[in-house]
Amino acid sequence: GSIVYLGMMVGAFFWGGLADKVGRRQSLLICMSVNGFFAFLSSFVQGYGFFLFCRLFSGFGIGGAVPTVFSYFSEVLAREKRGEHLSWLCMFWMIGGIYASAMAWAIIPHYGWSFSMGSAYQFHSWRVFVIVCALPCVSSVVALTFMPESPRFLLEIGKHDEAWMILKQIHDTNMRARGQPEKVFTVTRIKTPKQIDELIEIESDTGTWYRRCFVRIRTELYGIWLTFMRCFNYPVKDNTIKLTAVWFTLSFGYYGLSVWFPDVIKHLQSDEYASRVKHFRNEEVSHFVFNFTLENQIHSNGQYINDRFIMMKFKSVTFEDSLFKNCVFEDITSLNTYFRNCTFVNTTFYNTDLEQYKFVDSELINCTFFHIRTGCQISFDDDYSAYWIYFVNFLGTLAVLPGNIVSALLMDRIGRLTMLGGSMVLSGISCFFLWFGTSESMMIGMLCLYNGLTISAWNSLDVITVELYPTDRRATGFGFLNALCKAAAVLGNLIFGSLVGITKAIPILLASTVLVCGGLVGLRLPDTRTQVLM
């Protein structure tokens, strides 16, 4: 999970800066292609190291999508509806999340979808899920080939004719939709082009191809760095510092609690499951055939003589200080099952998954093992909690739908700042209701409430960010803040994840404090509702 965030963090900064150099459409095409290629590749690779490498570069590609697509879309919107339409764009982050969680729920638990080609190549259901999650990216690349470049970017680099043609196409399409096809597109004033950096072509005549390539890459990276540094120049320096604080606090609180919620629910499940454990002591069983499921049991100081354990499932079963003599274990599947300090004499194991690590401090005397199965053998049909994980994730994603709709409809009416500050403060206050989350259903309800409140803050923050930066550094500024967001997410995951099962007080106080403080800082940002994009 963290390796993808690392890739997204670097990718957001790099592709955002590149979008201000080579164009929004071009940057989007390249970064989405990188993501699609490595996402597909990661579905087929067999080595864990190579898999992480593919996920890293997949994250690197997808990291550029958010800063670039918001800059791209905002630059073809009318001022009156800009906030609303950018909010509808934000909704597709949620739709992507619903798609991913629904596909995980539908695909991953189907172990029967797997196949193998010898012992060298394995293809399991989760690999199908990875492919399915890459399909929207492929369709985006295809669609982008038919899309025009941002006219604002073209004007910024002095390509007036191309910008005029795109604006005319937008104008004519809108006028036909309004039933006024006779209206003619006219331009009264054109922005003066800026000076374009020509340093890229140094040594184009005399240098070797790799030398020219090196100079070009170095110059592009230096240009991205210069654009980034201009985000801290007047008149946007103050806004960048405030946005940095808001992005960091919102991301830290949101992602921190997002990883904390499922883990707490899982912890509550484990506690409730452990409270129902059955204890059996000093059992003496001989010449008996066990052919049924044993679940959530602890057997202590037992003696099992000439017993047969056939076609059984052991789920969360522990045998302690017990003796097994002249027994047979055949066709056994186990989950969280251990034999601690037990003694086995003249016992046969045939077609079981009882590997050596399940015998803790146990003694095996004259025992034989045939056809031992390795790896995880339990199916999702037998493990309800696996379905539960995907179901909770699906509900949490679906819960943001009302907040998305509300924020889209009210963004241009009540203003970005009111929505940003109000949503973050309310999210911080809602954290205190977690004190009363003593059951799974209550925690799921809190998760849905929390996600529904924070989505309005995310939407308004996205809108404010694109509106506060001028065209020549909009994608770069957004990319930097998005990279910071991913760094805060990793930090939040680490801190909040380490507190699961230890204390509720620290996560609640920490999340509520950072969200309220971030919301108050957000209220100090300038209102951009009536502002023309710079």
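Every chain begins its residue count from 1, and numbering advances along the sequence as written. This being a predicted model, a pLDDT of at least 70 is required before a residue's local features are given, and a value of 80 or more before pairs of side-chain atoms are given or counted; all residues contribute to the totals for chains, interfaces and linings. Side-chain metrics in this entry use all non-hydrogen atoms of the structure; hydrogen atoms and water are not considered.

Chemist: Explain the overall build of the protein to me, and be specific about the residues and the numbers.
Modeler: Of the regular secondary structure elements, the protein holds 16 helices and 16 strands. Taking the principal axes of its C-alpha atoms as reference, the protein extends roughly 100 × 60 × 45 Å. Only protein chains enter the calculation, and the probe is 1.4 Å; a residue is then buried if its accessible area is under 20% of its type maximum, exposed if over 50%, and partly exposed in between. Split into buried and exposed, the 534 residues of the protein put 46% on the buried side. Residues count as neighbours in contact if any of their non-hydrogen atoms are within 4.5 Å of one another. Taking contacts inside the protein between residues at least 6 apart in sequence as the whole, the part at least 24 apart equals 59%. Counting every atom, the protein has about 26200 Å² of accessible surface; 64% of that belongs to carbon and sulfur. Considering the protein, the positive charge centre built from 43 side chains and the negative charge centre built from 41 side chains are found 9 Å apart. Each helix corresponds to a stretch of at least 4 residues labelled H or I by DSSP, and each strand to a stretch of at least 2 residues labelled E; elements are numbered beginning at the N terminus. Residue exposure ignores everything except the shown protein chains as possible cover, and the areas themselves are Shrake-Rupley values with a 1.4 Å probe. The charge count treats Lys and Arg as positive and Asp and Glu as negative. His and the chain ends do not count. Charged groups are reduced to one reference atom each: NZ for lysine, CZ for arginine, CG for aspartic acid, CD for glutamic acid.

Chemist: Any chance you could break down the pattern of salt bridges for me, citing the residues and the numbers?
Modeler: When a carboxyl oxygen of Asp or Glu lies within 4 Å of a side-chain nitrogen of Lys or Arg, that pair is called a salt bridge. The full count for this structure, using the stated rule, is 14 salt bridges. Note that Arg-416 and Asp-412 form a salt bridge whose closest N and O atoms lie 2.8 Å from each other. As far as the burial class goes, Arg-416 and Asp-412 line up, both buried. As a salt-bridge pair, Arg-473 and Asp-472 come within 3.3 Å of each other at their nearest N and O atoms. Here the residues in one salt-bridge network are Asp-20, Arg-24, Glu-75 and Arg-474, joined through shared partners.

Chemist: Before we move on, could you go through the packing of helix 1 (residues 2-22) against helix 15 (residues 474-497) and cite the residues and values that matter?
Modeler: Orientation is described by lines fitted to C-alpha atoms, with helices fitted over the stretch in contact, and by angles between N-to-C directions that extend from 0 to 180 degrees. Direction vectors running N to C along helix 1 and helix 15 enclose 175 degrees, while the axes themselves pass 7 Å from each other. When the axis of helix 1 is compared with that of helix 15, the two are roughly antiparallel. Touching Tyr-5, Met-8, Met-9, Ala-12, Phe-13, Gly-16, Gly-17, Ala-19 and Asp-20 of helix 1 are Arg-474, Ala-475, Thr-476, Gly-479, Phe-480, Asn-482, Ala-483, Lys-486, Ala-487, Ala-489, Val-490 and Asn-493, all from helix 15. Residue classes follow a fixed rule: Ala, Val, Leu, Ile, Met, Phe, Trp, Tyr, Cys and Pro count as nonpolar, while Asp, Glu, Lys and Arg count as charged, and any other residue, Gly among them, counts as polar. By residue class, the composition of the contact of helix 1 with helix 15 is 12 nonpolar, six polar and three charged. Note that the term roughly parallel is reserved for angles under 35 degrees, roughly antiparallel for angles over 145, roughly perpendicular for angles of 65 to 115, and oblique for everything else.

Chemist: With reference to specific residues and values, describe the environment of Cys-90.
Modeler: The topology assignment puts Cys-90 in helix 5 (residues 82-107). Sequence separation between Cys-90 and Asp-462 is 372 residues; the distance between their C-alpha atoms is 8.1 Å. Excluding residues that lie within four positions of it along the chain, Cys-90 makes contacts with Phe-70, Asn-404, Asn-459 and Asp-462.

Chemist: If you had to explain the packing of helix 14 (residues 440-468) against helix 15 to someone new, which residues and values would you point to?
Modeler: Relative to each other, helix 14 and helix 15 sit at 145 degrees, their axes nearing to 9 Å. Along its contact with helix 14, which presents Trp-458, Asp-462, Thr-465 and Val-466, the element helix 15 presents Arg-474, Phe-478, Leu-481 and Cys-485. Classifying every residue of the contact of helix 14 with helix 15 gives five nonpolar, one polar and two charged.

Chemist: I'd like a rundown of the packing of aromatic side chains, residues and numbers included.
Modeler: Ring pairs shown here join Phe, Tyr and Trp side chains whose ring centres sit within 6.5 Å, with only the six-membered ring taken for Trp; geometry is labelled stacked below 30 degrees between planes, edge-to-face above 60, and tilted in between. A complete count under the given rule lists 46 aromatic pairs for this structure. Look at Tyr-254 and Trp-458: their rings are 5.8 Å apart centre to centre, the planes differ by 80 degrees, and that puts the pair in the edge-to-face class. Placement of Tyr-254 in helix 10 (residues 237-275) and of Trp-458 in helix 14 is noted, with a sequence separation of 204 residues between them. The pair Tyr-254 / Trp-458 is uniform in exposure class, with both members buried. With centroids separated by 4.5 Å and ring planes inclined at 5 degrees, the aromatic side chains of Phe-309 and Phe-329 adopt a geometry described as stacked. Remark: Phe-329 occurs in strand 10 (residues 328-335) and Phe-309 occurs in strand 8 (residues 308-320); sequence separation between them is 20 residues.

Chemist: Which residues make up the confidence of the model for the protein, and what values go with them?
Modeler: A residue's pLDDT is the predictor's confidence in that residue, given on a scale from 0 to 100. Residues of the protein with pLDDT of at least 70 account for 91%, and the chain-wide mean is 83. This stretch, residues 196-203, has a pLDDT under 50; its non-local contacts, to residues over four places away or in other chains, come to 11 contacts.

Chemist: Explain the pairing of strand 10 to me, and be specific about the residues and the numbers.
Modeler: Two strands are said to pair when DSSP picks up at least two bridges between them. Across seven bridges, strand 8 lies against strand 10 in parallel orientation. From the neighbouring strand, Lys-313 faces strand 10, where its bridge partner is Thr-333. In this structure, strand 10 lies alongside strand 13 (residues 348-352), joined through four bridges in parallel fashion. Along strand 13, the bridge assignment pairs Glu-330 with Tyr-350.

Chemist: Hey, could you go over helix 9 (residues 209-230) for me, with residue numbers and the actual values?
Modeler: In an α-helix there are 3.6 residues to a turn, and that puts residues three or four apart on one side. The span one expects for a helix is its residue count, reduced by one, times 1.5 Å. Across its 22 residues, helix 9 extends 32 Å between first and last C-alpha, which sits within 8% of the 32 Å expected from 1.5 Å per residue. Val-215, Thr-219, Glu-220, Gly-223, Ile-224, Thr-227 and Phe-228 are the residues of helix 9 that are buried.

Chemist: So what's going on with a nonpolar patch on the surface? Which residues, and what values?
Modeler: Taken together, the side chains of Leu-426, Ile-429, Phe-432, Phe-433, Trp-435, Phe-436, Met-442, Leu-449 and Leu-509 present a nonpolar region at the surface, about 850 Å² in accessible area. Listed by contribution, the elements that provide at least two residues to the nonpolar patch are helix 13 (416-430) and helix 14. Inspection of the secondary structure assignment puts Ile-429 in helix 13. Exposure remark for Ile-429: the relative accessible area of 45% places this residue in the partly exposed category. For patches, a residue must show more than 30% relative accessible area and have no salt bridge; joins then use 9 Å for like charges and 5 Å for nonpolar side chains, namely Val, Leu, Ile, Met, Phe, Trp and Tyr.

Chemist: Any chance you could break down the nonpolar core for me, citing the residues and the numbers?
Modeler: Working definition of a nonpolar core: buried Ala, Val, Leu, Ile, Met, Phe, Trp, Tyr and Cys residues. They are joined through side-chain atoms within 4.5 Å. Grouped together as the largest cluster of nonpolar side chains are 59 residues, with contacts concentrated most on Leu-243, Trp-247, Leu-257, Phe-261, Leu-420, Leu-434 and Trp-458. Among the elements that line this core, the one with the most residues is helix 14, at 13 residues. Not counting residues within four places of it along the chain, the set of residues in contact with Trp-247 comprises Trp-458, Leu-461, Asp-462, Thr-465, Phe-478, Leu-481, Asn-482 and Cys-485.

Chemist: Go over the sheet that holds strand 7 (residues 303-305), please, and point to the residues and values.
Modeler: Pairing in this open sheet of five strands is parallel, and the strands run 4-7-9-12-15 from one edge to the other. Each having just a single partner strand, strand 4 (284-286) and strand 15 (363-365) make up the two edges of the open sheet. The sheet shows a mean angle of 5 degrees between the axes of neighbouring strands, taken without regard to direction. Examined bridge by bridge, strand 12 (residues 343-345) and strand 15 share three bridges and lie parallel to one another. When the sheet's bridge partners are listed, Val-345 is paired in strand 15 with Ile-365.

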